[in-house]
Amino acid sequence: MTDATLPRSSLRSVLSQLWRDQRVWLASAVILAVLALFDPLQAGDSAVFAGSALLRTAPYLLLSIGIAAWANATSADNLIARAFTGAPILMIGLGALAGGISPFCSCGVIPLIAALLAMGVPLSAVMAFWLASPIMDPSMFVLTAGVLDLEFAIAKTMAAIGLGIFGGTVVHVTMRGGAFADPLREGIGNGGCGGAKVRAPKPVVWRFWTEAERRTKFGKTALTTTLFLAKWLTLAFILESLMLAWIPAETVTAALGGEGLMPIVTATLVGVPAYLNGYAALPLVGGLIEQGMAPGAGMAFLVAGGVTSIPAAMAVWALAKPQVFALYIALSLSGAFAAGLLFQLWTSMA
């Protein structure tokens, strides 16, 4: 009996360990396997979509991974982190402004956020960038101005920056009250991908490659960060492909017609779970506005959908504890509703 039970116990231990260490990769594999059984065509499309999206974000990944590894190996992360701890309100404003005008989509935000957290940048400034970045970028601004109008594009940019400042300030105030003292998940931080605190000062060695220990640290940080980002991005892109394939954009946006306050509320709530590609959503929202949908509802939907898109939201879930994720969603909801309401009031007075 001992010989029979030991292998089973050992197998359970191995499987348990495998699930703890590789559950994100396993989830992606299971989704693709199930799709291959019941919808082989979609399985292929999802795999291609995820691969293509990873290739598109590769430059951002390589840049962010390189910065994080370089900062850790040289100990420059202390200098960078300290630059973000002098004036929290100023850093929140700068983070929101950088997020609102940066040329990064919701996918590109993930490695950048990981690099910022790895340097010990405070959560308040990171949250400001986190909330603002997925909403607007230069190419999105131009397309929004062309498809809708310049006023809408400017308002959406202001909404992105305003949401970032609002969210960063809320996080700053709650942290001063003792909340989110340790916002990151276990195993993330203190030298790894996503450190939340400025670590003990160390001398900066810019030519890190001259020391074997620092070369090792560079390679270890680069590898750890790469694996961390790759597994979450792969799962995010697979899920994104399924939502785009199974939830027609017309069905989502058609529910947002009408005037008054209720369409803004509906647009805010629908925008959270129903991710649409930002570029694809613009002409659909523009068409509904031409058919009589309230401009504020269109604004609320685009803001909520951008901030809570699968890649952007999964970055929060992967790095931060559930309480931070819940706050992120709450800030997205309230901020999107406020943006829609303010834009509706502005257009009604014009």
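Quick caveat: nothing in here was measured; it's all calculated off a predicted structure.

Novice: Could you give an account of the overall build of the chain, with specific residues and numbers?
Specialist: Each helix and strand in the chain was counted, giving 15 helices and zero strands. Looking at the chain residue by residue over its 350 residues, the buried ones come to 46%. Look at the contacts in the chain between residues 6 or more apart in sequence, and 82% of them connect residues 24 or more apart. Here the chain has roughly 16,300 Å² of accessible surface; of this, 71% comes from carbon and sulfur atoms.

Novice: Explain a nonpolar patch on the surface residue by residue, including any values.
Specialist: There is a patch of nonpolar side chains on the surface, built from Val30, Val34, Leu37 and Phe38 and spanning about 470 Å² of accessible area. Taking relative accessible area as the criterion, Leu37 reaches 70% and is therefore assigned exposed.

Novice: Describe in detail helix 11 (residues 261-271), supporting the description with residues and values.
Specialist: Listing the buried residues of helix 11 in full gives Pro263, Ile264, Ala267, Thr268 and Gly271. What you see down the axis of helix 11 is that its buried residues fit within an arc of 135°, all on one side. Of the exposed residues in helix 11, the ones pointing more than 90 degrees away from its buried face are Met262 and Leu269. Close packing links the buried residues of helix 11 with helix 13 (295-307) and helix 15 (322-349).

Novice: So, the nonpolar core: which residues are in play, and what are the values?
Specialist: Buried together is how nonpolar side chains tend to be arranged in soluble globular proteins. Of all hydrophobic cores here, the largest spans 65 residues; its most connected members are Met127, Trp130, Leu131, Met299, Leu302, Val303 and Tyr328. The element best represented in this core is helix 9 (residues 212-246), accounting for ten residues. Excluding residues that lie within four positions of it along the chain, Met299 makes contacts with Phe152, Ala155, Lys156, Ala339, Gly340 and Phe343.

Novice: Provide a residue-level description of the packing of helix 13 against helix 15, including the pertinent values.
Specialist: Packed helices, taken two at a time, are described by their axes: the angle between them and the distance between them. At a minimum axis separation of 7 Å, helix 13 and helix 15 run at an interaxial angle of 155°. In terms of their interaxial angle, helix 13 and helix 15 are classed as roughly antiparallel. With respect to the hand of their crossing, helix 13 and helix 15 are arranged in right-handed fashion. For the pair helix 13 and helix 15, contact is made by Pro295, Gly296, Met299, Ala300, Val303, Ala304 and Val307 and by Tyr328, Ser332, Ala336, Ala339, Gly340, Phe343, Gln344 and Thr347, respectively. Broken down by class, the residue content of the contact of helix 13 with helix 15 amounts to ten nonpolar, five polar and no charged.

Novice: Just give me the short version of the packing of aromatic side chains, but keep the residues and values in it.
Specialist: Here the structure, examined in full by the defined rule, presents six aromatic pairs. Ring geometry for Phe152 versus Phe343: centroids 5.0 Å apart, planes at 80°, classification edge-to-face. With Phe152 in helix 8 (residues 150-176) and Phe343 in helix 15, the pair connects residues that are 191 residues apart, well separated along the chain. Of the two residues, Phe152 and Phe343, both sit in the buried class. Relative to Phe218, the ring of Phe208 has its centre 5.0 Å away and its plane inclined at 20°; by these criteria the two rings are stacked. Remark: Phe218 occurs in helix 9 and Phe208 occurs in the loop between helix 8 and helix 9; sequence separation between them is ten residues. Classification of Phe208 as buried rests on a relative accessible area of 10%.

Novice: Residue-level account of the packing of helix 8 against helix 15, with values.
Specialist: In contact at an axis separation of 9 Å, helix 8 and helix 15 are set at 140° when each is read in the N-to-C sense. When the interaxial angle is binned, helix 8 and helix 15 end up oblique. Our pair here, helix 8 against helix 15, has a crossing hand that is right-handed. Only Leu327, Leu331, Ser334, Gly335, Ala339, Phe343 and Trp346 of helix 15 make contact with helix 8, whose side of the interface consists of Glu151, Phe152, Ala155, Ala159, Leu163, Phe166, Gly167, Val170 and Val171.

Novice: Which residues make up the environment of Trp70, and what values go with them?
Specialist: Residue position: Trp70 is located in helix 2 (residues 40-74). Here Trp70 falls in the partly exposed class, since its relative accessible area comes to 32%.

Novice: Requested: an account of the environment of Leu229, with residues and values cited.
Specialist: With respect to the secondary-structure elements, Leu229 resides in helix 9. Separated by 164 residues in the primary sequence, Leu229 and Ile65 place their C-alpha atoms 9.2 Å from one another.

Novice: I'd like a rundown of helix 13, residues and numbers included.
Specialist: If you check helix 13, its first and last C-alpha atoms are 19 Å apart, about what 13 residues at 1.5 Å a residue would give, namely 18 Å. Every buried residue of helix 13 is accounted for by Gly296, Ala297, Gly298, Met299, Ala300, Phe301, Leu302, Val303, Ala304, Gly305, Gly306 and Val307.

Novice: Give me the lowdown on the confidence of the model for the chain, citing residues and values where you can.
Specialist: Per-residue pLDDT for the chain averages 77, and the proportion of residues at 70 or more is 72%. Predicted confidence is poor over residues 190-199, with pLDDT under 50, and the contacts of this stretch with residues over four places away or in other chains come to 39 contacts.

Novice: So what's going on with the environment of Gly260? Residues and values would help.
Specialist: As for its placement among the helices and strands, Gly260 is situated in the loop between helix 10 (249-254) and helix 11. Residues Gly260 and Met293, 33 residues apart in the sequence, show an inter-C-alpha distance of 9.4 Å.

About the criteria used
- Counting restarts for each chain, with residues numbered from 1 along the sequence as it is written.
- Only residues with pLDDT of at least 70 are given local features in this predicted model, and only at 80 or more are side-chain atom pairs given and counted; all residues enter the totals for whole chains, interfaces and linings.
- Side-chain measures here rest on the full set of heavy atoms in the structure, leaving out hydrogens and waters.
- Only runs of H or I of at least four residues qualify as helices and only runs of E of at least two qualify as strands under DSSP, and these elements are numbered from the N terminus.
- Under the scheme applied here, a residue whose accessible area is under 20% of the maximum for its type counts as buried, over 50% as exposed, and between as partly exposed, the area being computed with a 1.4 Å probe on protein chains only.
- By definition, residues are in contact when any of their heavy atoms lie within 4.5 Å.
- Only the protein chains shown count as cover for residues, with accessible areas throughout obtained via the Shrake-Rupley method and a probe of 1.4 Å.
- Here a patch means residues that are over 30% exposed by relative accessible area and free of salt bridges, tied together within 9 Å if like-charged and within 5 Å if nonpolar (Val, Leu, Ile, Met, Phe, Trp, Tyr).
- Every case where a carboxyl oxygen of Asp or Glu lies within 4 Å of a side-chain nitrogen of Lys or Arg is listed as a salt bridge.
- Each direction from the helix axis to a C-beta atom contributes to the arc, which is the arc of those directions.
- Take the buried residues of types Ala, Val, Leu, Ile, Met, Phe, Trp, Tyr and Cys, join any two whose side-chain atoms come within 4.5 Å, and each joined set is a nonpolar core.
- Only C-alpha atoms enter the line fits that serve as axes; for helices the fit covers just the stretch in contact. Angles between N-to-C directions range over 0 to 180 degrees.
- An angle below 35 degrees is read as roughly parallel, one above 145 as roughly antiparallel, one from 65 to 115 as roughly perpendicular, and any other as oblique.
- With the far helix as reference, a near helix turned anticlockwise by less than a right angle produces a left-handed crossing, and one turned clockwise produces a right-handed crossing.
- Three residue categories are used. Nonpolar comprises Ala, Val, Leu, Ile, Met, Phe, Trp, Tyr, Cys and Pro, charged comprises Asp, Glu, Lys and Arg, and polar comprises the others, including Gly.
- Working definition: rings of Phe, Tyr and Trp (its six-membered ring) pair if their centres are within 6.5 Å, and the pair is stacked with planes under 30 degrees apart, edge-to-face with planes over 60 apart, and tilted otherwise.
- Working rule for helices: expected span equals 1.5 Å times residues minus one.
- A residue's pLDDT is the predictor's confidence in that residue, given on a scale from 0 to 100.

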